[in-house]
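Chain by chain, the residues run as shown.
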Amino acid sequence: MMWEFLIQPLADFSFMRRALLGCIAISVGATPVGVFLMLRRMSLTGDAMAHAILPGAAVGFLIAGLSLGAMTVGGLIAGMTVALLAGFVTRVTALREDASLAAFYLISLAVGVLIVSTRGSNVDLMHVLFGTVLALDDDAMILLCSIASISVFALAVLYRPLVLECADPQFLRSVSRLSAMTHFAFLALVVLNLVAGFHALGTLMAVGIMILPAAAARFWVPSIGAMITVSVAIAILSSLSGLLLSYHFSLPSGPAIILGAGFAYVLSLVFGPVGGLAARAFPSRYLET
Amino acid sequence: MSNALEFRDLTLGYDRHPAVLSLCGTIAEGSLTAVVGPNGAGKSTVLKGVTGNLRPIAGQIDFGELSRDDIAYLPQQSEVDRSFPIAVADLVAMGLWREIGGFSGLRAAHRVRVAAAISSVGLEGFEKRPIGTLSGGQIQRALFARLLLQDARLVLLDEPFTAVDMKTVADLLGVIRRWHGEGRTVLAVLHDFDTVRAHFPRTLMLARELVAHGPTSQVLTAENQFRARQMCEACSGPPHTCGRHAA
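Rules used throughout
- Residues numbered from 1 in each chain as written.
- Chains lettered and ligands numbered in written order.
- Predicted model: local features only at pLDDT ≥ 70, side-chain atom pairs only at ≥ 80, totals over all residues.
- Heavy atoms only, no water.
- Patch = residues over 30% accessible without salt bridge, like charges linked within 9 Å, V, L, I, M, F, W, Y side chains within 5 Å.
- Areas by Shrake-Rupley, 256 points an atom, 1.4 Å probe, with all protein chains shown as cover.
- Salt bridge = Lys/Arg side-chain N within 4 Å of Asp/Glu carboxyl O.
- Helix = DSSP H or I, 4+ residues; strand = E, 2+ residues; numbered from the N terminus.
- Buried < 20%, exposed > 50% of the residue type's maximum accessible area, 1.4 Å probe, protein only.
- Core = buried A, V, L, I, M, F, W, Y, C linked by side-chain atoms within 4.5 Å.
- Axes fitted to C-alpha atoms, helices over the stretch in contact; angles between N-to-C directions.
- Parallel < 35°, antiparallel > 145°, perpendicular 65-115°, else oblique.
- Left-handed = near helix turned anticlockwise from the far one by under 90°.
- Contact = heavy atoms within 4.5 Å.
- Nonpolar A, V, L, I, M, F, W, Y, C, P; charged D, E, K, R; others polar.
- Phe/Tyr/Trp six-rings, centres within 6.5 Å; stacked < 30°, edge-to-face > 60°.
- Lys NZ or Arg CZ within 6 Å of the ring centre and 35° of its normal.
- Disulfide = S-S within 2.5 Å.
- Buried area = accessible area lost by both parts, 1.4 Å probe.
- Polar contact = N/O pair within 3.5 Å; in protein donor to acceptor, adjacent residues only side chain to side chain.

Draft legend 1. Up close: a nonpolar patch on the surface. Taken together, the side chains of A:Met2, A:Trp3, A:Leu6 and A:Ile7 define a hydrophobic patch exposed on the protein surface, amounting to about 410 Å² of accessible area. Here A:Trp3 is to be found in helix H1 (residues 2-12).

Draft legend 2. Structural detail: the pattern of salt bridges. Residues and elements named next belong to chain B. Evaluated as defined, the whole model comprises 17 salt bridges over all chains. With a closest N to O distance of 3.0 Å, arginine 8 and aspartate 62 form a salt bridge. Highlighted residues: arginine 8 in strand S1 (residues 3-14) and aspartate 62 in strand S4 (residues 58-62), separated in sequence by 54 residues. Classification of aspartate 62 as partly exposed rests on a relative accessible area of 28%. Among the ionic pairs, glutamate 65 bridges to arginine 153, the shortest N-O distance being 3.3 Å. Here glutamate 65, found in the loop between S4 and strand S5 (71-74), pairs with arginine 153, found in the loop between helix H5 (136-150) and strand S6 (154-158); they are 88 residues apart in sequence, far enough to count as distant. In the salt-bridge network here, residues are joined through shared partners; they are Glu29, Glu65, Asp70 and Arg153.

Draft legend 3. Molecular detail of the nonpolar core. B:Phe7, B:Phe144, B:Leu157, B:Ile176 and B:Trp179 are the most contacted members of the largest nonpolar core, which has 152 residues in total. No other element matches helix H2 (residues 14-39) of chain A, which puts 13 residues into this core. The next biggest cluster of nonpolar side chains, apart from the first, holds 7 residues, and it includes A:Leu172, A:Val175, B:Met94 and B:Trp97.

Draft legend 4. Fine view of the packing of helix H11 (residues 203-217) of chain A against helix H13 (residues 253-271) of chain A. All names here are of chain A. Packing of H11 against H13 leaves a shortest axis separation of 9 Å and a crossing angle of 20°. In terms of their interaxial angle, H11 and H13 are classed as roughly parallel. Where H11 crosses over H13, the two elements pack in a sense that is left-handed. Each of Met205, Gly208, Ile209, Leu212, Pro213, Ala215 and Ala216 in H11 lies in contact with H13, whose residues at this interface are Gly254, Pro255, Ile257, Ile258, Ala261, Gly262, Ala264, Tyr265 and Ser268. For the contact of H11 with H13, the class distribution of residues is 12 nonpolar, 4 polar and no charged.

Draft legend 5. Geometry of unusual backbone geometry. All names here are of chain B. Look at aspartate 9: it is not a glycine, yet its phi comes out positive at around 50°. Relative to the helices and strands, aspartate 9 resides in strand S1. In this model, glutamate 159 sits at a positive phi of 45°, which is unusual for a non-glycine residue. In this fold, glutamate 159 is placed in the loop between S6 and helix H6 (166-181).

Draft legend 6. Representation of the packing of aromatic side chains. Taken as a whole, this structure holds 6 aromatic pairs over all chains when the rule is applied. Taking 5.4 Å as the distance between ring centres and 40° as the angle between the ring planes, the aromatic pair formed by A:Phe13 and A:Phe15 counts as tilted. Ring pairs connect the aromatic residues A:Phe13, A:Phe15 and A:Tyr247, which therefore count as one cluster. For B:Arg146, the ring lying beneath its charged end belongs to A:Phe171, and the centroid distance is 3.6 Å.

Draft legend 7. Local environment of the state of the cysteines. Residue and element names in this part refer to chain A. Applying the stated rule across the entire model yields 0 disulfides over all chains. Free cysteine: cysteine 23, not disulfide-bonded; nearest cysteine sulfur from cysteine 145 at 11 Å. A residue is classified by how much of its surface remains accessible, and cysteine 23, at 2% relative accessible area, is buried.

Draft legend 8. Geometry of the interface of chain B and chain A. Contacts between the two partners involve 24 residues from chain B and, on the opposite side, 25 residues from chain A. Taking both sides of the interface into account, the surface hidden between chain B and chain A amounts to around 2,300 Å²; carbon and sulfur atoms contribute 57%. Interface area lost by chain B to chain A is led by B:Phe84, B:Pro85 and B:Trp97, which between them contribute 30%. Put simply, A:Arg41 and B:Asp81 hold a salt bridge, and the shortest N to O gap is 2.8 Å. Summed over the shared surface of chain B and chain A, the result is 10 residue pairs in polar contact (both at pLDDT 80 or more). Counting residues per element, the ones that place at least two in the side of chain B that touches chain A are helix H3 (97-100) and H5 of chain B. With 3 residues, H3(B) is the largest single contributor of residues to the side of chain B that touches chain A. When grouped by side-chain class, the residues that make up the side of chain B that touches chain A number 12 nonpolar, 7 polar and 5 charged.

So this is what it looks like as structure tokens:
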């Protein structure tokens with residue numbers, strides 16, 4: 001019974017194994033980035049960036065059809081442009097970062113929807129918005145795994161400046177000139193991982209695998225290293241359960257995966273020992289932690 | 001004794017509105033100076049100018065032999081994100097940034113120094129606690145430990161004792177005295193005149209412009225305090241812009 005439910009789909013179908021590997025790659029790459037997004041109070045920035053990627057992917061789609069390379073490059077260019085423009089406007093005008101980012105991502109999203117809906121069919125729009133995790137080809141797998149590797153490596157290198165940029169940005173600026181570089185390198189990582197995520201989960205769902213496991217992990221462990229580990233584990237488990245549920249109940253897989261992560265988040269919210277609802281309501285039971 | 005800092009007709013401000021006007025004076029190497037004045041007198045602004053984060057509108061600061069790396073700065077407390085999940089020891093260890101940079105690891109010798117700094121501010125046993133679990137006074141102790149590790153020749157403190165309990169103030173004043181004894185230059189923005197009288201040999205009183213600068217007993221007079229309040233009230237009307245003020 002358990003065997004049939006948990007293992008059989010993966011053993012029988014290579015598309016399920018590919019989907020799982022693709023999701024693991026995204027979990028390993030994107031989720032640690034999501035932890036930093038959350039800790040920097042930029043969770044919604046991730047969402048905005050995910051929308052900003054759309055026109056780039058759409059232009060890539062217009063030029064080359066459903067081409068992995070063109071859509072990836074297009075998405076990267078659009079995402080980086082919005083990130084840089086928003087950062088630039090914040091530094092030279094009175095507008096704050098959230099407002100300038102919102103302005104640019106909304107423009108970008110409108111352009112993207114316009115391009116996709118005038119030139120493509122609804123099927124194409126669905127592909128871009130919701131991804132195709134069950135139809136990842138070799139090129140897509142290589143892309144997802146490469147981005148995950150680059151992302152983990154870059155985070156390892158940037159770890160200390162990034163932690164300090166979150167915890168005490170003023171101190172970082174007083175001892176080093178890495179602050180601006182760290183900020184933009186981090187935004188580049190966000191865009192890179194969202195582009196990877198959108199191939200599998202779509203532009204709308206990609207940010208879910210970044211933020212939800214990170215927000216869930218926050219309720220289990222108090223230190224940032226442990227938080228990254230726990231969030232990656234939650235992301236992988238959500239991917240597995242989401243894929244299996246979508247297989248058994250014929251659900252769309254992207255939303256199923258994100259709902260898996262959402263379920264983990266709600267569980268953590270209620271039962272997590274670090275500031276969860278139960279821990280707050282019955283503090284004495286958790287004193288030892 | 002040489003000068004650590006010299007202010008030459010220094011005007012500092014934000015968005016062309018000056019907060020400090022035509023400040024002149026010297027801070028001697030190894031001196032322990034309190035910066036006092038009414039609210040809005042430009043005390044914090046002077047420290048920001050010295051860190052180099054705020055460019056002078058006019059005039060300049062002569063740093064003598066000091067480079068940017070010789071200066072340690074403790075801003076007002078609100079800047080640290082206390083909800084961030086970082087351990088006390090890790091926060092303190094960042095004081096070693098200029099030695100280890102952004103990328104290289106902590107060696108055993110570094111860890112010994114981190115532990116020593118933590119114990120000299122009375123935070124033994126708190127090394128692994130997340131900073132979110134500390135009280136305001138304990139956070140301030142941790143930030144002083146980080147300053148200790150920065151090993152700076154010039155230490156700038158911006159209201160280090162605001163919202164901090166008496167015991168912590170006493171202990172941290174001990175740290176400041178130790179810096180003074182080691183020949184470091186300390187410049188601290190303070191509100192409490194009793195603390196200034198008891199522990200700071202020199203005082204610089206500001207009210208946008210320089211009111212008085214010298215030995216504390218000669219600066220903290222009733223007459224000077226009255227004058228400083230008057231000057232601040234006079235300038236709390238419509239803000240000046242630089243060009244207009246000069247005319």
